[in-house]
Amino acid sequence: MSSITLGEFIIENQNDFKYATGELSRILSSIRLAAKIVQREVNKAGLAQHILGAVGDINVQGEEQQKLDVYADNVFLKALANRGVVCGVASEENEDYIAFNNQEAMDGNYVVTMDPLDGSSNIDVNVSIGTIFSVYRRISKPGTPAQLEDFLQPGTEQVAAGYVVYGSSTMLVYTTGNGVHGFTFDPSIGVFYLSHPNMKSPQDGKIFSMNEGNFHHAPKGVREYIKYCQEIDPASNRPLSARYIGSLVADFHRNLIKGGVYIYPQTPKSPTGKLRLLYECNPLAFLIEQAGGKASDGKNRIMEIKPTELHQRVPFIVGSTKMVEKVEEFIKQVETPTT
Ligand code: P6P
């Protein structure tokens, strides 16, 4: 493993960033700090009964808030609020966006969208979970509180995005538009080391990830694709393998490294899809495109969708370019059958 730490890497590469004023470096450093704190709690969650179990509150997604969800949200908010470069945060755990009200923060030029602990239903069964984040430059006037318009920007406006996967090891993977770089945490000294420089998504793969409990309710084009994956055709390496952890960051991370496609389509329970555009789909779309892959809603490039609300959901197909395009092809065939 490289001996370059995340901190050194951020500093060494901050001039790649067109607004290189050190502000983005400070944001990434605050995310690094928060990730270390959350990692500590996630890794002892099995022991720390005071953390486990649902708060009992229901978050805006209608899901029971696990205490670790709430804890992670607070840790990231505090880390971001204290750096004076972020004026506001939109988080899965909060119905409205949070506009920091101290003057130093209001002078900040950036906003962050985040899912502080995605896949939290897996917390008490010891399955990998993750944090997902996006960074945008604000649109509203510096020196004033953040506004809704700052958060409703298309994903093409992201200046940075990344995730932390709390798994067999903890990794932080991010991009500032100059490739995707992965760092592995060494808990013995509390440092993230560069372990996966310049990550690239294989253009094709043998893994498809979908909750096949939704199979019969998914759009026909998606059903046709899943059947295509299951057919026997050695010439095209089929059948493919189904791998679905039920934790987006873990499924995404595996597919990014090995090649694969993750599909969360429209379902009767989630007629516009389950995953949220602002803090799940857009950050992962930025990362996968930077790694040479693709992300769409089945027809449109995820990052070109203009958000209309904070917790907007979209159908999400993300991963190896050839696999995403195959899904889009099946969807198109069903919608525009050849005569
Ligand atoms: P289902 C977790 O709640 C999440 O947002 C993603 O991490 C995960 O991929 C998906 O939902 C799982 O949803 O409906 O398959 O349980």
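What counts and what doesn't
Residues numbered from 1 in each chain as written. Predicted model: local features only at pLDDT ≥ 70, side-chain atom pairs only at ≥ 80, totals over all residues. Heavy atoms only, no water. Core = buried A, V, L, I, M, F, W, Y, C linked by side-chain atoms within 4.5 Å. Buried < 20%, exposed > 50% of the residue type's maximum accessible area, 1.4 Å probe, protein only. Contact = heavy atoms within 4.5 Å. Pairing = 2+ DSSP bridges. Helix = DSSP H or I, 4+ residues; strand = E, 2+ residues; numbered from the N terminus. Axes fitted to C-alpha atoms, helices over the stretch in contact; angles between N-to-C directions. Near = heavy atom within 4 Å. Polar contact = N/O pair within 3.5 Å; in protein donor to acceptor, adjacent residues only side chain to side chain. Areas by Shrake-Rupley, 256 points an atom, 1.4 Å probe, with all protein chains shown as cover. Nonpolar A, V, L, I, M, F, W, Y, C, P; charged D, E, K, R; others polar. Phe/Tyr/Trp six-rings, centres within 6.5 Å; stacked < 30°, edge-to-face > 60°. Parallel < 35°, antiparallel > 145°, perpendicular 65-115°, else oblique. Left-handed = near helix turned anticlockwise from the far one by under 90°. Salt bridge = Lys/Arg side-chain N within 4 Å of Asp/Glu carboxyl O. Domains from an automatic or database assignment. Buried area = accessible area lost by both parts, 1.4 Å probe.

1. Comments concerning the nonpolar core
- Formed by 43 residues in total, the largest nonpolar core has its most connected members in Ile 27, Leu 117, Val 135, Tyr 166 and Tyr 174.
- If we skip the residues at most four places from it in the chain, Val 135 touches Leu 24, Ile 27, Tyr 110, Val 111, Val 112, Gln 158, Val 159 and Ala 160.

2. Here's the deal with the sheet that holds strand S3 (residues 86-91)
- Across the sheet, eight strands lie side by side as S4-S3-S5-S6-S7-S8-S9-S10; this open sheet has mixed pairing. A single partner strand is all that each edge strand has here, and the edge strands are strand S4 (98-99) and strand S10 (191-196).
- Helix-sheet contacts for helix H3 (residues 67-81) involve S3, S4, strand S5 (110-118), strand S6 (129-137) and strand S7 (158-166), and the interaxial angle to S5 is about 155°.
- With respect to the sheet, helix H7 (residues 248-258) is in contact with S5, S6, S7, strand S8 (170-175) and S10, its orientation differing from that of S7 by roughly 105°.

3. Some remarks on the site of the ligand
- The full set of residues close to the ligand is Asp 118, Gly 119, Asn 211, Tyr 244, Gly 246, Ser 247, Leu 248, Tyr 262, Tyr 264, Lys 274, Leu 275 and Glu 280.
- A distance of 2.5 Å separates an oxygen atom of the ligand from a polar side-chain atom of Asp 118.
- In this structure, an oxygen atom belonging to the ligand sits 2.6 Å away from a side-chain N or O atom of Tyr 264.
- Out of a free accessible area of 400 Å², the ligand has 83% covered by protein chains.
- Partitioning the shell around the ligand into residue classes produces five nonpolar, four polar and three charged.

4. Quick look at the packing of aromatic side chains
- Tallying each qualifying case throughout the model produces 11 aromatic pairs.
- In this structure an aromatic cluster arises from ring pairing among Phe 9, Tyr 174 and Phe 183.

5. A few points about the packing of helix H6 (residues 220-230) against helix H9 (residues 321-335)
- In contact at an axis separation of 7 Å, H6 and H9 are set at 130° when each is read in the N-to-C sense. Judged by the angle between their axes, H6 and H9 are oblique. The way H6 lies across H9 gives a crossing that is right-handed. Listed contacts from H9 to Lys 220, Gly 221, Val 222, Glu 224, Tyr 225 and Tyr 228 of H6 are Met 323, Lys 326, Val 327, Phe 330, Ile 331 and Val 334.

6. Re the pattern of salt bridges
- The final tally for this structure, using the stated rule, is 14 salt bridges.
- Measuring nitrogen to oxygen at the nearest pair gives 3.7 Å for the salt bridge that ties Glu 41 to Arg 40.
- Taking the relative accessible area as the measure of exposure, Arg 40 reaches 47% and is therefore partly exposed.
- Across the pair Lys 294 and Glu 325 runs a salt bridge whose closest N-O atoms are separated by 3.3 Å. With Lys 294 in strand S14 (residues 294-296) and Glu 325 in helix H9, this pair connects stretches of sequence that are 31 residues apart.
- Here Lys 294 falls in the partly exposed class, since its relative accessible area comes to 25%.
- Take Glu 325: its relative accessible area is 36%, and that puts it in the partly exposed class.
- Salt bridges sharing partners connect three or more residues here, namely Glu 92, Arg 276 and Glu 280.

7. Thoughts on the domain arrangement of the chain
- In terms of domains, the chain is made up of domain 1 (6-196) and domain 2 (207-335).
- For domain 1 and domain 2, the distance between their C-alpha centres works out to 24 Å.
- Each partner contributes to the interface: domain 1 provides 50 residues, whereas domain 2 provides 33 residues.
- Between domain 1 and domain 2, roughly 2,800 Å² of surface is buried when both sides are summed, and carbon and sulfur atoms account for 64% of that area.
- In terms of surface lost to domain 2, no three residues of domain 1 exceed Ile 132, Leu 152 and Tyr 163, which account for 22% of the buried area on that side.
- Here domain 1 and domain 2 share one salt bridge between them.
- Two residues, Glu 92 and Arg 276, come together in a salt bridge whose shortest N-O distance is 2.0 Å.

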